[in-house]
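Commentary on secondary and tertiary structure
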Amino acid sequence: MTTFEEIARRRTFAIISHPDAGKTTLTEKFLLYGGALNLAGAVKSRKNQQATTSDFMELEKQRGISVSSTVLQFEYRGRAINLLDTPGHRDFSEDTYRVLTAVDAAVMVLDSARGIQEQTLKLFQVCRRRGIPIFTFVNKCDRPGKNPIELLDEIEKTLDLQVFPVTWPIGEGTDFHGVYDRLLQRAHWFERVMGGARRAPVTIGALGDPAIREKIPASIYAQLCEDTELIDVAGARFSSDDVLAGKQTPVYFGSAIHNFGVQLLLDGFLEHAPPPRARLAGGREIKPDDAPFSAFIFKIQANMDPRHRDRLAFLRICSGKFTRDMQVTHCQSGKKVRLSFSHQLFGQERETAAEAWSGDILGVTGLPDFGIGDTLTEDATINFDAIPVFAPECFVFLHCADTNGFKRFRAGLEQLLQEKVVQRFMPADGGSVPLLGAVGPLQFDVVAYRLQTEYNVVIRLENAPWSTIRWVSADVPLEKFTDLFLGGAKLVFDASQRLALLFQNEWNANYFAKENPDIPLYATPGDVAN
């Protein structure tokens, strides 16, 4: 294949949702229907393993939630797929936001009974700001839920997004047995399989086919005809251009747990989702088929697999072709580095990658000094825009409970900070105890768990009284605060030595700003820079 053909067949996307909407289950079923698994929950090479492929950390299995993003790469119907599984819980939204910088499209999963929820809305807004096309999957149609037309109306009004239902549910709740493909005018009538571990047997045909008519009860058939006639007349027309522009979302109905409608979603997504798109680097447009290799690091994680015990940097390739052992420039340091240890990824599994193209996600080891957002390129004039830093909402002091393990404690903490599991702040008045900030408290549980399991260190967390942070304008000197009454606020430096104030709550932050109008405050460090 030519380079152009290799790039054109790639699809790089993430699945986003509110917790418990079924994101991880849908991820597993994509792998099942894509041929990457022979049973949902089991990697081909480990046929007796029934754990969720994307949730490989023991903590994830214990909590039943995804706490770390993973990459799942596989081939399906001539497409090279890079599926980025993201944490569903809001406490790990920073990791999700960083992953969304590396994708070209997203599948948004909604619970049919709950519709648009808080975390879904936040993640959708991130996608909209980045111009990422959205495909919608209404999950759990096998349970009592909202009326499908009511759900479409909620999506349009809440997200200000035109909807086009590609499929329509046949029945609802316990009577849900299939979907009608409006584009191909075919009904898909499914049979449930034990535990949803295998593909659901399906009967496919036009609504008038005897094999379909005899399966659908008369009342459900009448409701289906009435609903589809209504949306045919009153609904929008499908537009690929509007989908790619983020103005229209194709909507698919189904049940991931029972495998109903999953393959229709996967096939429809791969047909209509965009191939790798151009990226901005300081206002310069870098096209996927530009000759020089370029990529940026959007995630770092150590000790993913106990057999390796190494640090893995996740690269999103933005232009050119990768070949093993190629030499590139690390823009942040100006150093030349050789990419000798490169991997294709499938959860925590990995295999050596000899070549890769724009759109691919590559795992690279042996790069100890690199950070999230860094650029690697053959053209040293390319430097991709920085990945935003988000404001923490809770803070703790981190104590090492074992003085004999302090060296391991320091090494482990530095690794987690490099991965940006949490953020560290240093009090402006001194102090040696690390002050950590995070979007949610579960991130601190991950810190404690990983320090204990990966570095054999026992730690103690001490809650801090602040919940709101504001960064101080770079023009304001530290001396400005010498005789200033802070009223319980704490003056700190972040990891980049930017000055910030910690407040007990939003009200205190607003009151301080009102009383000190000559000290500009900002919600994020990016706001200060702008």
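Source: prediction; values computed, not measured.

The next thing to look at is the overall build of the protein. From N to C terminus, the protein includes 14 helices and 33 strands. At 25 Å, the protein has a C-alpha radius of gyration in line with the 24 Å of a compact globule built from 530 residues. Based on the C-alpha atoms only, the size of the protein along its principal axes is roughly 85 × 55 × 45 Å. Within the protein, the proportion of its 530 residues that are buried is 57%.

In terms of nonpolar packing, the biggest core is built from 111 residues, with Phe13, Leu26, Phe30, Leu84, Val107, Phe298 and Leu339 touching the most fellow members. In this structure, Val107 is in contact with Phe13, Ala14, Ile15, Ile16, Leu26, Phe135, Phe137, Leu265 and Phe269, ignoring residues within four places of it in sequence. Residues Val396, Phe409, Leu436 and Ile459 belong to the second largest nonpolar core, which totals 18 residues.

Judged by how many residues are buried, helix α4 (residues 93-100) sits mostly within the fold: eight of eight residues are covered. Within α4, the full set of buried residues consists of Ser93, Glu94, Asp95, Thr96, Tyr97, Arg98, Val99 and Leu100.

Any residue range with low pLDDT should be treated as having predicted coordinates unsuitable for detailed reading. Overall, the predicted model of the protein reaches an average pLDDT of 88, with 91% of residues at or above 70. Scored below 50 in pLDDT, residues 42-51 shows 23 contacts in the model against residues more than four places distant or in partner chains. This stretch, residues 63-67, has a pLDDT under 50; its non-local contacts, to residues over four places away or in other chains, come to 22 contacts.

Below, the discussion takes up empty space enclosed by the protein. Applying the stated criterion across every chain yields a total of two cavities of 30 Å³ or more. Taken as a whole, the second largest cavity spans an internal volume of roughly 30 Å³. Ile297, Ile300, Arg311, Ala313, Val364, Leu367 and Phe370 together form the lining of the second largest cavity. Looking at the lining of the second largest cavity, the elements with two or more residues in it are β16 (294-302) and β17 (311-319). Classifying every residue of the lining of the second largest cavity by side-chain character gives six nonpolar, no polar and one charged.

Picture the strands of a sheet paired through backbone hydrogen bonds; they go either parallel or antiparallel. The strand order across the open sheet built from four strands is β9-β10-β11-β12, with neighbouring strands paired in antiparallel fashion. Two strands close off the open sheet at either side, each with one partner strand: β9 (167-170) and β12 (202-205). With strand direction ignored, the average angle separating the axes of adjacent strands in the sheet is 20 degrees. By the bridge criterion, four bridges tie β9 to strand β10 (residues 178-181) in an arrangement that is antiparallel. Note that in β10 the partner of Ile170 across the bridge is Gly178.

Before going further, it helps to examine the environment of Asp175. Relative to the helices and strands, Asp175 resides in the loop between β9 and β10. Residue classification places Asp175 among the partly exposed residues on the basis of a relative accessible area of 45%. Non-local contacts of Asp175, meaning those with residues more than four positions away in its chain, are made with Ile170 and Ile220.

Procedures and definitions
- Residues numbered from 1 in each chain as written.
- Predicted model: local features only at pLDDT ≥ 70, side-chain atom pairs only at ≥ 80, totals over all residues.
- Heavy atoms only, no water.
- Helix = DSSP H or I, 4+ residues; strand = E, 2+ residues; numbered from the N terminus.
- Rg over C-alpha atoms; globule rule 2.2 N^0.38 Å.
- Buried < 20%, exposed > 50% of the residue type's maximum accessible area, 1.4 Å probe, protein only.
- Core = buried A, V, L, I, M, F, W, Y, C linked by side-chain atoms within 4.5 Å.
- Contact = heavy atoms within 4.5 Å.
- pLDDT = per-residue confidence, 0-100.
- 1 Å grid on protein atoms, 1.4 Å probe; cavity = no way out; pocket = protein on both sides within 12 Å on 5 of 7 lines; lining within 4 Å.
- Points joined across faces, edges and corners; volume = space filled by probe spheres on them.
- Nonpolar A, V, L, I, M, F, W, Y, C, P; charged D, E, K, R; others polar.
- Pairing = 2+ DSSP bridges.
- Axes fitted to C-alpha atoms, helices over the stretch in contact; angles between N-to-C directions.

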